[in-house]
Amino acid sequence: MPSNDVRNLLHTAVPTAAVGVVAVAVSGAVAGGKGAIGALVGVVLAILYMGIGLHVLQWTAKTLPQLFQAMGLMLYVAQLLLLLIFLALFKGTSLFNAKAFAFSLVVATVVWMAAQARAHMKAKIFYVEPDSEKSEKSEKTGSSS
């Protein structure tokens, strides 16, 4: 993974994990052990889904740039469907507190998206790729007047 991709991932995952620690602590204090487990599951799920999505979008941008927008839309639909499947599987579970899970999932997702937007705005991304193979002199085109 190129260093720019790793930097982007770190600038999004670290704030999300920090907020996740706070969410687990608050949920543990409010709802007990099951609340802490629910919050942990929600944060891990958000980081996992969003991290995989970021990796897939970066790969698509490099290999198939013409499909980038379509892949982004498909990816977000796939993430929602995977979340729906997860929720259906654990619908009536007593393994964790559902409210703590939902709260931490939403908070972690919002923090991830805000951190990703901030990281993208702070990144110095060339919109024109400098070509190192061309010589310093540019070729003249057109008439010389």
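Residues numbered from 1 in each chain as written. Predicted model: local features only at pLDDT ≥ 70, side-chain atom pairs only at ≥ 80, totals over all residues. Heavy atoms only, no water.

Vacant regions in the atomic arrangement are exposed by a probe of water-molecule size rolled over the atoms. As a volume, the second largest pocket reaches approximately 240 Å³. In this structure, the second largest pocket is lined by 13 residues; those nearest its centre are Met50, Gln79, Leu80, Leu83 and Thr109. If you list the elements that add at least two residues to the lining of the second largest pocket, you get α1 (3–63), α2 (68–89) and α3 (98–122). With five residues, α3 is the single largest residue contributor to the lining of the second largest pocket. For the lining of the second largest pocket, a count of residues per class yields 11 nonpolar, two polar and no charged. (1 Å grid on protein atoms, 1.4 Å probe; cavity = no way out; pocket = protein on both sides within 12 Å on 5 of 7 lines; lining within 4 Å. Points joined across faces, edges and corners; volume = space filled by probe spheres on them. Helix = DSSP H or I, 4+ residues; strand = E, 2+ residues; numbered from the N terminus. Nonpolar A, V, L, I, M, F, W, Y, C, P; charged D, E, K, R; others polar.)

Per the UniProt record, "transmembrane region" (unreviewed entry) is found at residues 12–31, 37–61, 73–90 and 96–115. Helix makes up 100% of residues 12–31 and strand 0%, whereas the separation of the span's terminal C-alpha atoms amounts to 28 Å. The span residues 37–61 is 100% helical and 0% strand by assignment, and the distance between its end C-alpha atoms comes to 36 Å. (UniProt positions renumbered as here; feature names shortened; annotations may be inferred.)

Within soluble globular proteins, side chains that are nonpolar tend to cluster in buried spots. Grouped together as the largest cluster of nonpolar side chains are 10 residues: Val43, Leu45, Ala46, Tyr49, Leu83, Phe86, Phe96, Phe101, Leu105 and Ala108. The element that contributes the greatest number of residues to this core is α1, accounting for four residues. (Core = buried A, V, L, I, M, F, W, Y, C linked by side-chain atoms within 4.5 Å. Buried < 20%, exposed > 50% of the residue type's maximum accessible area, 1.4 Å probe, protein only.)

Taken as a whole and assessed by the stated rule, the structure comprises one cavity of 30 Å³ or more. Considered as a void within the structure, the largest cavity measures approximately 60 Å³ in volume. Forming the walls of the largest cavity are Met50, Gly53, Leu54, Leu57, Leu75, Tyr76, Gln79, Trp112 and Gln116. Sort the elements by how many residues they give to the lining of the largest cavity and α1 lands first, with four residues. In terms of residue class, the lining of the largest cavity is built from six nonpolar, three polar and no charged.

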